[in-house]
Amino acid sequence: MLKASKRLAVPLLAATLGSGGSAQAVEVVDRISTEHLELRLERIAEGLEHPWSVEQLADGRFLVSERPGRLALIDETGDVTHLQGVPEVSAQSQGGLLDVALHPHYGDGERDWLYFTWSKPGAGGTATALSRARLGDGELTDVELLFVQGSYSDPGRHYGSRLAWLPDGTLLMSVGERGSPSRAQDRRDHAGSVLRLTETGGVPDDNPFVGNDEALDEIFTFGNRNPQGLVVTQAGDAWATEHGPLGGDELNRLIGGENYGWPEVSLGKTYVSRRPVGEATLPGMRDPVHVFEDRFAPSGLAEVTSPMFEAWRGNLLAGGLHPEQLYRLTLENAQVVDTELVLDGQIGRIRDVHQGQDGAIYLINDDPQGSLYRLRPVN
């Protein structure tokens, strides 16, 4: 674990800004000093109920999922409208409308698909589900259910649900262990795994467990507790941030067929007794690349590739719910060699981190009256 340097920001401001054709913004923090850059934090839109994921369209508008089951469309002025046609989600506990992601060829006309994950109600509880739809005039059209995890269950937590596209056009989807740790070691159960699917929800022929009678074909990795940060870098590497129990929150590089240990291996502790969960490491189980200090509760992960943040290129940005922090992680040879604390409480519980098509960094906070924020250099 690496110790981060802590940077201080100036007090909150309330000046309304223009922003060169992008969404009008309210300045939240005038200047945040980091090792390489001076940053400005702006609020783009507010009044979002427990927003969960943000995606920017090529025309500058934003799609933001709200956990109670609404999909918000935010225009260039910051006005929020809600799209019709979203499936009826189970919005109990941690469930609801969760991640959103565009097809990598969105905009070519044929593949203008929006993918989203959600908690689907059914006999016996709920299941993590994947659907896709087209963006119509004020509504979702051509909605298709592509995948549902193999069993419905309670309790209503640990859905995972992040999405990321691999360079070969297949889709990674995380599924938490749904609050039942032993499920993560059962390869006949989708819970506690990262799946690899085709763009239509099918099974790629070269998935690691295809043809293995002891494992489900969709599984790419297993032994995962609840991955809520997921990104595929420009180099084609898949990374995930994953909730530990009490501490032990991890950054993992995802390798097909690997076992990431939960609950046999963990650096976290039980909530009641504060005793260690499992072993620190075991043969045949992959150790995390990085373990966050204290209780980070990771959610949202992005790679910086924008020329706007030239000094950060190739770094990861990881959001944290419990400490309300954003960290920059510097990678070298698939290892974290440095960390820096970028945000520390300025926007509350960070739920998602997204590099927009305009090159800026966008964040949302998990709150009953949540907001969409933009982070960009001062100059």
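Please read all numbers here as calculations on a predicted model, not as lab measurements.

S.K.: What should I look at first to understand the environment of Glu-258 in this one?
M.R.: Examined against the element boundaries, Glu-258 turns out to sit in the loop between strand S19 (250–254) and strand S20 (290–291). With 208 residues separating them in the primary sequence, Glu-258 and His-50 have C-alpha atoms 33 Å apart. Ignoring anything within four residues of it in the chain, the contact list for Glu-258 reads Phe-220, Thr-221, Phe-222 and Arg-286.

S.K.: What exactly am I supposed to notice about the sheet that holds strand S16 (residues 219–222) here?
M.R.: Strands in a sheet are paired, the pairing made by backbone hydrogen bonds, and the direction either parallel or antiparallel. Strands sit in the order S13-S14-S15-S16 across an open sheet of four strands; the sheet is antiparallel. Looking at which strands have only one partner, the edges of the open sheet turn out to be strand S13 (163–165) and S16. Ignoring strand direction, the axes of neighbouring strands in this sheet form an average angle of 20°. As paired elements, strand S15 (residues 193–197) and S16 share three bridges and run antiparallel to each other. The residue of S16 that forms the bridge with Ser-193 is Phe-222.

S.K.: Any chance you could explain empty space enclosed by the protein here in plain terms?
M.R.: The method is simple in principle: a probe with the dimensions of a water molecule rolls over the atoms, and the space it marks as empty is what remains. Counted by the stated rule, this structure contains one cavity of 30 Å³ or more. Class assignment of the residues belonging to the lining of the largest cavity gives a composition of three nonpolar, five polar and three charged.

S.K.: What exactly am I supposed to notice about the packing of aromatic side chains here?
M.R.: Taken as a whole and judged by the stated rule, the model has six aromatic pairs. Measuring from ring centre to ring centre gives 5.1 Å for Tyr-115 and Trp-165, while their planes differ by 85°; the resulting arrangement is edge-to-face. Here Tyr-115, found in strand S10 (residues 114–122), pairs with Trp-165, found in strand S13; they are 50 residues apart in sequence, far enough to count as distant. Assessed through its relative accessible area of 13%, Trp-165 is described here as buried. An aromatic cluster of at least three residues, connected via ring pairs, comprises Phe-292, Phe-296 and Tyr-327. Taking the ring centre of Trp-113 as reference, the NZ or CZ of Arg-132 above it sits at 3.8 Å. Looking at Arg-134, its charged tip hangs above the ring of Trp-113, at a distance of 4.0 Å from the centre.

Conventions adopted
- Residues numbered from 1 in each chain as written.
- Predicted model: local features only at pLDDT ≥ 70, side-chain atom pairs only at ≥ 80, totals over all residues.
- Heavy atoms only, no water.
- Helix = DSSP H or I, 4+ residues; strand = E, 2+ residues; numbered from the N terminus.
- Contact = heavy atoms within 4.5 Å.
- Pairing = 2+ DSSP bridges.
- Axes fitted to C-alpha atoms, helices over the stretch in contact; angles between N-to-C directions.
- 1 Å grid on protein atoms, 1.4 Å probe; cavity = no way out; pocket = protein on both sides within 12 Å on 5 of 7 lines; lining within 4 Å.
- Points joined across faces, edges and corners; volume = space filled by probe spheres on them.
- Nonpolar A, V, L, I, M, F, W, Y, C, P; charged D, E, K, R; others polar.
- Phe/Tyr/Trp six-rings, centres within 6.5 Å; stacked < 30°, edge-to-face > 60°.
- Buried < 20%, exposed > 50% of the residue type's maximum accessible area, 1.4 Å probe, protein only.
- Lys NZ or Arg CZ within 6 Å of the ring centre and 35° of its normal.

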